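Coordinate inspection notes
So you can see what is in the structure, the chains are spelled out below.
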Amino acid sequence: MARITILMNCPDQKGIIADVTNYIHKNKGNIEYIDQYVDRVNSIFFMRLECKINSNVFNENFKKELNFSIGQKYSIDFNIYENELKPKMGIMVSKYDHCLYDILSRHQSGELNVDIPFIISNHINLKHIADTFKIPFFHIPIIDKNKKEIQNEHLKIFKKYSVDFIVLARYMQIIPTSIIKSFQNKIINIHHSFLPAFPGAKPYHSAYERGVKIIGATSHYVTKELDAGPIIEQDTTQVSHLNSIQDFIGKGRDLERIVLSKAIKLHIERKVMVYKNKTIIFS
């Protein structure tokens, strides 16, 4: 038996759920989960469905017929995934190691159901972590190379390992537009929630000096507009005048770990749908 997840969206109208579920029933499938949401402002219908179906039935004809008989009728945008197939997740990182350690530890414990074929960094500092977890490490420095050469090196690695999505585990470089277009809504980033109020290399120092009361972290998909992509996960924690700068940094990094790992898990479990610059997160 194949377990599949179907994500879909279309203009809201009558009969969508009935036709989709009847089609699965007709093909002897068993629906194990279904959830839907209507964006009433834009009149857009969203649905996530998990079902179990005979492997002989789940083939290209199943997908084509679903798209032809139902998709065209309602102008549905379908995405269909086999749950047993692990997505391939590439990781990019610079010098900060806290998110990288967290991702690799969760992966090793089985919490993140993905394959990690490589780690790319513009610094050599974290190679020992990749070696410890036995993951290929590619050092691609930015200095003395033009942007086109670096981009081509990245794309060559992405293609070689056939990655499905990329995680920026505190990769402190701007991703070229051509790579973003190739991985639309498939590049996940993490940053502190002070932007744009506290930009620059030391946001926690700036926040400390301003006496902020709440700090946070945000994980989002990367778009050509810097740090303005669809938000997947966020969290905050309180701070006060009693906390030192090191407290701010420690609390902030804890949030970054948690928020990034939650975003990755939501993505690999196919619980995120993007519409325009907004996400719909299914439970």
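Structure: above.
The rules behind these values
- Along each chain, numbering runs from 1 in the same order as the chain's sequence is written.
- Only residues with pLDDT of at least 70 are given local features in this predicted model, and only at 80 or more are side-chain atom pairs given and counted; all residues enter the totals for whole chains, interfaces and linings.
- Each side-chain value is derived from all of the structure's non-hydrogen atoms; neither hydrogens nor water enter the calculation.
- The helix count covers DSSP runs of H or I at least four residues long, the strand count covers runs of E at least two residues long, and both are numbered beginning at the N terminus.
- Contacts: residue pairs with any heavy atoms within 4.5 Å of one another.
- Under this scheme, a helix contributes an axis fitted over its contacting stretch, all axes are lines through C-alpha atoms, and angles between N-to-C directions fall in the 0 to 180 degree range.
- Roughly parallel here means an angle under 35 degrees, roughly antiparallel means over 145, roughly perpendicular means 65 to 115, and every remaining angle is called oblique.
- Take the far helix as the reference: if the near one is turned anticlockwise from it by less than a right angle, the crossing is left-handed, and if turned clockwise, right-handed.
- Any residue under 20% of the maximum accessible area for its type is buried, any over 50% is exposed, and the rest in between are partly exposed; the area is computed with a 1.4 Å probe on protein chains only.
- Strands are labelled as partners when DSSP assigns at least two bridges between them.
- Classes in brief: Ala, Val, Leu, Ile, Met, Phe, Trp, Tyr, Cys and Pro nonpolar; Asp, Glu, Lys and Arg charged; the others, Gly included, polar.
- In plain words, nonpolar cores are sets of buried Ala, Val, Leu, Ile, Met, Phe, Trp, Tyr and Cys residues tied together by side-chain atoms within 4.5 Å.
- A helix is expected to span 1.5 Å for every residue after the first.
- Picture the helix axis, draw a direction to every C-beta atom, and the arc is the one those directions span.

Within the fold, H191 resides in strand β9 (residues 187-192). Residue contacts for H191: discarding those within four places in its chain leaves A217, T218, H220 and D227.

Look at helix α7 (residues 203-210) against helix α8 (residues 245-268): their axes get within 9 Å of each other, and the N-to-C directions meet at 125°. As judged from the angle between their axes, α7 and α8 are oblique. α8 is crossed by α7, and the crossing has right-handed handedness. Contacts between α7 and α8 involve Y204, H205, A207 and Y208 from the former and I245, F248, I249, G252, R253 and E256 from the latter.

We now examine unusual backbone geometry. Positioned with a positive phi, K28 is a non-glycine residue whose angle comes to about 60°. Here K28 lies in the loop between α1 (16-26) and β2 (30-39). Under the relative-accessibility criterion, K28 is labelled exposed at 68%. Even without being a glycine, D227 presents a positive backbone phi close to 55°.

A few words now on the pairing of strand β3 (residues 44-53). Among the 10 residues in β3, 8 count as buried, and that is most of the element. Two elements, strand β1 (residues 2-11) and β3, share 10 bridges in a ladder whose sense is antiparallel. When the bridges of β3 are listed, M8 appears paired with M47. Relative to β3, β2 runs antiparallel, the two sharing 9 bridges. Paired with I34 across the strands is L49, a residue of β3. Once β2 ends, the chain turns through 4 residues before running back antiparallel as β3, passing S43 with a positive phi of about 55°.

Next up on the list: the sheet that holds strand β4 (residues 77-82). Taken in spatial order, the 4 strands make up an open sheet running β2-β3-β1-β4, and their pairing is antiparallel. Looking along the sheet, the strands with just one partner apiece sit at the ends: β2 and β4. Along the sheet, successive strands turn relative to each other by an average axial angle of 10°, direction set aside. Where α1 meets the sheet, its contacts fall on β1, β2 and β3, and the angle it forms with β3 comes to roughly 15°. In the packing of helix α2 (residues 60-74) onto the sheet, the strands contacted are β1, β3 and β4, and the crossing angle to β4 comes to about 155°.

On to the packing of helix α3 (residues 98-108) against α8, then. α8 packs onto α3 with a crossing angle of 45° between their chain directions and a minimal axis gap of 9 Å. When the axes of α3 and α8 are compared, the pair comes out oblique. With respect to the hand of their crossing, α3 and α8 are arranged in right-handed fashion. Of the residues in α8, those touching α3 at H98, C99, D102, I103 and R106 are R253, E256, R257, L260, S261 and I264. A breakdown of the residues in the contact of α3 with α8 according to their chemical character gives 4 nonpolar, 2 polar and 5 charged.

In terms of nonpolar packing, the biggest core is built from 42 residues, with M89, I91, I103, L104, I119, L260 and I264 touching the most fellow members. Looking at which element gives the most residues to this core, the answer is α8, with 9 residues. Once residues lying within four places of it in the same chain are set aside, the contact partners of L260 are C99, I103, V167, L168, A169, I188, I190 and S219. Residues I4, M8, I53 and F58 belong to the second largest nonpolar core, which totals 21 residues.

This part is about helix α5 (residues 147-161). The end-to-end C-alpha separation of α5 is 22 Å, in line with the 21 Å expected for 15 residues at 1.5 Å each. By the burial criterion, the buried members of α5 are I150, Q151, H154, I157, F158 and Y161. Looking straight down α5, one finds that the buried residues subtend no more than 130° of arc, so they occupy a single side. Exposed positions of α5 whose direction lies more than 90 degrees from the buried face are K148, K156, K159 and K160. The elements touched by buried residues of α5 are β5 (89-93), β6 (119-121), β7 (137-139), β8 (165-168) and α6 (177-182).

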